[in-house]
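# Remarks on the overall topology
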Number of protein chains: 2
Amino acid sequence: MAVSKPSIPKGTRDFSPAEMSRRNYMFDVIKGVFRRHGFLPLETPAMENLSTLLGKYGEEGDKLLFRILNSGDFTRGLAADDLDNPSAMAPKISDKGLRYDLTVPFARYVVQHRNDIVFPFRRYQIQPVWRADRPQRGRYREFYQCDVDIVGSRSLLNEAELVQIVRQVFSQLGIAVTIKLNNRKILYGIAESIGHADRMTDITVAIDKIDKIGMDAVCEELRSKDIGEEALDSLKPILELRGSNDLKLKTLRQTIGHSETGMDGIGEMEKLLDYCAALGIDGNVEVDLSLARGLNYYTGTIFEVKANDFEIGSICGGGRYDDLTGIFGMPDTPGVGISFGADRIYDVMNGLGLFPDEATVSTKVLFLNFGPQEELASMKALAQLREAGIPSEIYPDNAKVKKQMEYANKRGIPFVVIIGSEELATGMAVVKDMRDGSQRTVPAGEIARLPEL
Amino acid sequence: MAVSKPSIPKGTRDFSPAEMSRRNYMFDVIKGVFRRHGFLPLETPAMENLSTLLGKYGEEGDKLLFRILNSGDFTRGLAADDLDNPSAMAPKISDKGLRYDLTVPFARYVVQHRNDIVFPFRRYQIQPVWRADRPQRGRYREFYQCDVDIVGSRSLLNEAELVQIVRQVFSQLGIAVTIKLNNRKILYGIAESIGHADRMTDITVAIDKIDKIGMDAVCEELRSKDIGEEALDSLKPILELRGSNDLKLKTLRQTIGHSETGMDGIGEMEKLLDYCAALGIDGNVEVDLSLARGLNYYTGTIFEVKANDFEIGSICGGGRYDDLTGIFGMPDTPGVGISFGADRIYDVMNGLGLFPDEATVSTKVLFLNFGPQEELASMKALAQLREAGIPSEIYPDNAKVKKQMEYANKRGIPFVVIIGSEELATGMAVVKDMRDGSQRTVPAGEIARLPEL
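Each residue is numbered by its place in its chain's sequence as written, counting from 1. By the order in which they are written, chains take letters starting at A while ligands take numbers starting at 1. Since the coordinates come from a predicted model, pLDDT governs what is reported: local features require at least 70, and pairs of side-chain atoms require 80 or more to be given and counted, while whole-chain, interface and lining totals use all residues. Values shown for side chains rest on all heavy atoms present in the structure; no hydrogens or waters enter the calculation.

## Observations regarding the overall build of chain A
Formally: Strands are runs of DSSP state E lasting at least two residues, helices are runs of H or I lasting at least four, and both sets are numbered from the N terminus onward. For a compact globule the rule gives 2.2 Å times the number of residues to the power 0.38, and the radius of gyration it is set against comes from C-alpha atoms. Partly exposed residues are those whose accessible area sits between 20% and 50% of the maximum for their type, while under 20% is buried and over 50% is exposed, using a 1.4 Å probe and protein chains only. Every residue pair with non-hydrogen atoms within 4.5 Å of one another is taken to be in contact. Note on areas: Shrake-Rupley with a 1.4 Å probe; residue coverage comes only from the protein chains shown. Working convention for charge: Lys and Arg count positive, Asp and Glu count negative, and His plus the chain ends are omitted. By convention, charge coordinates are those of NZ in Lys, CZ in Arg, CG in Asp, or CD in Glu.
The secondary structure content of chain A amounts to 16 helices and 16 strands. For a compact globule of 453 residues, the expected C-alpha radius of gyration is about 22 Å, and chain A comes in at 28 Å, more than 25% above that figure. Overall, the C-alpha framework of chain A stretches about 90 × 65 × 45 Å when taken along its three principal axes. Evaluated residue by residue, chain A yields a buried proportion of 58% over its 453 residues. Across chain A, every contact between residues at least 6 apart in sequence was considered, and the portion connecting residues at least 24 apart equals 67%. Accessible surface computed for chain A: about 18,600 Å², of which carbon and sulfur atoms make up 47%. In chain A, 56 side chains carry a positive charge and 65 a negative one; their mean positions are 4 Å apart.

## Here we look at the relation of the copies chain A and chain B
So the rule is basically this: Fitting of the copies onto one another was done by least squares over C-alpha atoms, counting residues only where both copies have pLDDT of at least 70.
The transform that puts chain A on chain B rotates by 180° and translates by 0.0 Å along the axis, for an RMSD of 0.1 Å. Between the two chains, the operation in question is that of a two-fold axis. When each C-alpha of chain A is compared by its distance to the rotation axis, Ile68 of chain A comes out closest, at 2.3 Å. Most of the interface of chain A is mirrored in chain B, where 99% of its interface residues again form contacts.

## Some thoughts on the interface of chain A and chain B
Put simply, the rule is: What counts as buried area is the accessible surface, traced by a 1.4 Å probe, that two parts surrender upon association, with contributions from both included. Put simply, a salt bridge is a Lys or Arg side-chain nitrogen that is within 4 Å of an Asp or Glu carboxyl oxygen. Any pair of N or O atoms that falls within 3.5 Å is considered a polar contact. Within protein, one atom must be able to donate a hydrogen and the other to accept it, and sequence-neighbouring residues count only if both atoms are side-chain atoms. Nonpolar residues are Ala, Val, Leu, Ile, Met, Phe, Trp, Tyr, Cys and Pro. Charged residues are Asp, Glu, Lys and Arg, and all others, Gly as well, are polar.
Contacts between chain A and chain B engage 104 residues on the former and 103 residues on the latter. At the boundary of chain A with chain B, total buried surface from both sides reaches about 8,800 Å², with 63% on carbon and sulfur atoms. Sorting the residues of chain A by area buried against chain B places Glu43, Leu83 and Arg386 of chain A first, and these three jointly supply 8% of that buried surface. Its salt-bridge partner being Asp14 of chain B, residue Arg108 of chain A comes within 2.6 Å of it at the nearest N-O pair. Linking chain A with chain B are 39 residue pairs in polar contact (both at pLDDT 80 or more), by the criterion used here. For the side of chain A that touches chain B, the per-class residue count stands at 51 nonpolar, 27 polar and 26 charged.

## Thoughts on the pattern of salt bridges
Pairs can form between side chains of opposite charge whenever their charged atoms are close. Residues and elements named next belong to chain A. Under the defined criterion, the tally for this structure stands at 54 salt bridges over all chains. Asp343 is the salt-bridge partner of Arg23, the closest N and O atoms lying 3.5 Å from each other. Note that Arg23 is positioned in helix α1 (residues 17–36) and Asp343 in helix α13 (residues 342–351), a separation of 320 residues in sequence. Overall, the relative accessible area of 3% leaves Arg23 in the buried class.

## Focus: the sheet that holds strand β14 (residues 415–418) of chain A
Pairing between the strands of a sheet comes from backbone hydrogen bonds, and it takes one of two forms, parallel or antiparallel. Residues and elements named next belong to chain A. Which entries qualify depends on this criterion: Only when DSSP finds a minimum of two bridges between them are two strands counted as paired. Every angle, taken between N-to-C directions, lies between 0 and 180 degrees, and every axis is a line fitted to C-alpha atoms, over only the stretch in contact when it is a helix.
On the basis of which strands lie adjacent, the open sheet formed by five strands has the order β13-β12-β14-β15-β16 and mixed pairing. The two strands at the open ends of the sheet, each matched to only one other strand, are β13 (392–394) and β16 (439–443). If you compare each strand with its neighbour and ignore which way they point, the axes differ by 25° on average. The pairing of strand β12 (residues 365–367) with β13 spans three bridges and is parallel. If you follow Val365 over to β13, its bridge partner there is Ser392. Packing against the sheet, helix α14 (residues 372–387) makes contact with β12 and β13, and its axis sits at approximately 170° to β13. Of the strands in this sheet, β12, β13, β14 and β15 (428–433) touch helix α15 (residues 401–411), which is tilted by about 165° from β12.

## Thoughts on the packing of helix α7 (residues 184–193) of chain A against helix α11 (residues 245–256) of chain A
Packed helices, taken two at a time, are described by the angle their axes make and the gap between the axes. Residues and elements named next belong to chain A. What counts here: Orientation categories follow fixed angle ranges, with anything under 35 degrees roughly parallel, anything over 145 roughly antiparallel, 65 to 115 roughly perpendicular, and all other angles oblique. For a crossing to be left-handed, the near helix must be turned anticlockwise from the far one by less than a right angle; the clockwise case is right-handed.
Taken N-terminus to C-terminus, the directions of α7 and α11 make an angle of 40°; their axes are 10 Å apart at the nearest point. Accordingly, the angle class assigned to the pair α7 and α11 is oblique. Crossing hand, α7 versus α11: left-handed. Two secondary-structure elements touch here, α7 through Ile186, Gly189, Ile190 and Ser193 and α11 through Leu252, Thr255 and Ile256. Taken together, the residues of the contact of α7 with α11 sort by class into four nonpolar, three polar and no charged.

## What to know about unusual backbone geometry
The omega torsion of the bond from Phe119 of chain A to Pro120 of chain A falls at -5°, within 30 degrees of zero and hence cis. Note on placement: Pro120 of chain A falls in the loop between α5 (103–112) and β5 (121–130). Positive phi values are uncommon outside glycine, yet Asp226 of chain B reaches one of about 65°. Along the chain, Asp226 of chain B falls in the loop between α9 (210–224) and α10 (229–239). Even without glycine at this site, Asn284 of chain B takes up a positive phi of about 55°.

## Some points on the side chain of Arg36 of chain B
Tracing the backbone shows Arg36 of chain B in helix α1 (residues 17–36). Despite its burial, Arg36 of chain B pairs with no opposite charge, the nearest such side chain being Glu387 of chain A at 7.0 Å.

## Some words on helix α11 (residues 245–256) of chain B
All names here are of chain B. Quick note on the threshold: Any helix carries an expected span of 1.5 Å times its number of residues minus one. The arc refers to the directions leading from the helix axis to the C-beta atoms.
Relative to the 16 Å expected for 12 residues at 1.5 Å per residue, α11 spans 16 Å between its end C-alpha atoms, a close match to the ideal helical length. Buried within α11 we find Asn245, Lys248, Leu249, Leu252 and Ile256. Taken down its axis, α11 places every buried residue within 90° of arc, on the same side. In α11, the exposed residues that point more than 90 degrees away from the buried face are Asp246, Lys250 and Gln254.

## Considering the sheet that holds strand β15 (residues 428–433) of chain B
Residue and element names in this part refer to chain B. Strand order in the open sheet made by the five strands is β13-β12-β14-β15-β16, with mixed pairing throughout. Edge positions in the sheet fall to β13 (392–394) and β16 (439–443), since each of these pairs with one other strand and no more. When strand polarity is set aside, the average angle formed by the axes of neighbouring strands in this sheet is 25°. One ladder, built from four bridges, connects strand β14 (residues 415–418) with β15; its direction is antiparallel. Residue Val416 lies in a different strand from β15, and its bridge partner there is Lys432. Against the sheet, helix α14 (residues 372–387) engages β12 (365–367) and β13, with an angle of about 170° to β13. Sheet contacts for helix α15 (residues 401–411): β12, β13, β14 and β15; angle to β12, the most-contacted strand, approximately 165°.

Structure, rendered in structure tokens:
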């Protein structure tokens, strides 16, 4: 029977055991840091009602939602003129969609369970999201997001805790990073000081692209939005400010000092930097006034994290918002959160060779199989290894030794144990290090205690 | 603005932090046992091509697939007569579906990556699946499956390893279980010996219901399928066989001894039981000839696990199959696997109060917040606790002490640390046990070393 080789939908991925082991290592480090900081895990369903999702990501986002076809007799209610009109037909045959991010489901969760939640609510959430984006290198239709938020508190201590979490995660993963900070209130102050307070969004959106397209193109874009030359002339030096955080803030205080909101932002930034200094976590923390982040719901501090030694976009980012849940009719839930970019962090670690051996080695010991009696003796020693927490297995068949050794090699199993007829008679076992070929003979009952395992 | 409270699609669930902590505990135990036995993690995408899924679960299963509406202009190619015919229209507007189980995606993975996989391939997979079933108590439209399989080996040692895994998982979780075993070849032998070898499927399907509907109803069902009284008279005593495993197999050997396949099955069962005895894992392992399991692709050993002290269906089950990947045109991939029923295991553990404290307590220590100076001293001690791996946090605002204590109480945080102005002056800290109200004063730098934390 000739059947074509099966495949998976474009933009999706299988994660092989080798990839999974590394991904699990990465997520375990991240989760460990979250937990030690008192954050609680949360999971929401893959499917949400479309009424929850629609209108939350802009028009473009709505188009990128994966919709679930209603079950059963879904054609009821369709009319002939629906046939030419996908956007009229879709709502009639689909009332559920796959989650597009973790923020909207989190907001929905907070509103739905507000009476059971103890605020301030510290939660983390690591789950896949789906977007019907055009797949391309590094952009997938299914990918994991990894969010951590504190809602129900306006304290800047929360920002400091997030800086600490970022530092600990990346220090444990071995990635040198720079943590960039800005504040939406400072951006507003800048817009106000150049005479365009009402154009905050246009200005933010343009500034956000400065890393990608450069200062000239940003100015061009702003000109096309009717921001005049005079305003641009005052804007440029602010965005080009260099030097220490102190110096930037001092200069800024002079430039936008007449904007009350701007001064609030500077005050918040100073307080956050004071926290960081007092906690000894201010190294590589950098005020970056060109940092804008596209999402409009941020209202205070914004964060972005870059890897120092690897060329890739930001690997983590987030910010403070005044109102997470207003979209669901529950006002006044302020909070602050960041999102770790799992795919990019994985790429950085792979690119820099940062995954430790234990994240790539799965089974540590393979017992060769020499037939019924030897098998039994092996199984008993094997049970001791597993008891000691050492991932180990026995080749299930009495196959040729060459084949069994090949299995160990291909799997990258570093140690092979041989209990053949001779060893069986003496109660011994040969432990062979597959990496250098060295071997030694030890009592079978003592393998689990070998220091190299 | 009055907005209706948002909700989630019926049959789906949010997992709150308390539930997640317990679920994580359960999954961590299961994964730990899998890993120690040399199994490797695998993940496949939530969406599969419908060509992969359709026809694999029977007609009923096809109807229960959640289909994803194609993106973009999905109405192209629709004709007026599609409007009255959902089953003709669905394939034109949807070419992807959500996975229905983990077995078919696993088979697809094995075929797709056969050149990269080292056989025997030991993998585990823990992911949600989706079924458009009618939601009811204990039946969800999104639920986790937890599968472990060894493919590419016919050795019965693999069966013994699965028995060992089952024992270790449930012993670590604290659930007393009975492991029921049968063999499809024995069932075939029985069908053959009662003169109905060709009716193996009908007989298996009927026997499978014996626990639910009883012997009489099973006989009634078989009568309706033209199994005669004489055959039923020979069948009944076999299914009612009681006594030790040895006795059952001995009697069976007499009854179905003339069936070659049946004798093969008895031989396999004996070998598996021998393994279990030699490994000391034969307690509560029970040959149950009425165990059939509905799925027709099982061809050898079949397993089912019941909780001894809690009334619920089987909490784990599986079996051996000759041909996992034939559905995708790659014959001869034998294997054996089992699936742990996460939701039921969770219910058993909850019902019997088996979740340990560490699975329900999240944050262990809360530092109260008494203002800027005290906060800073607290943050320093807090960093030491986190360093020591103790989940801990500080209340982010200098709120009223009553409010902060209420937060600790509602969150179930067992210890509160107080560094007020007095303690600040002396470098001390008060550690209060919230469960009995006791408290003691210690140097702030030594909190992390307290034995009770």
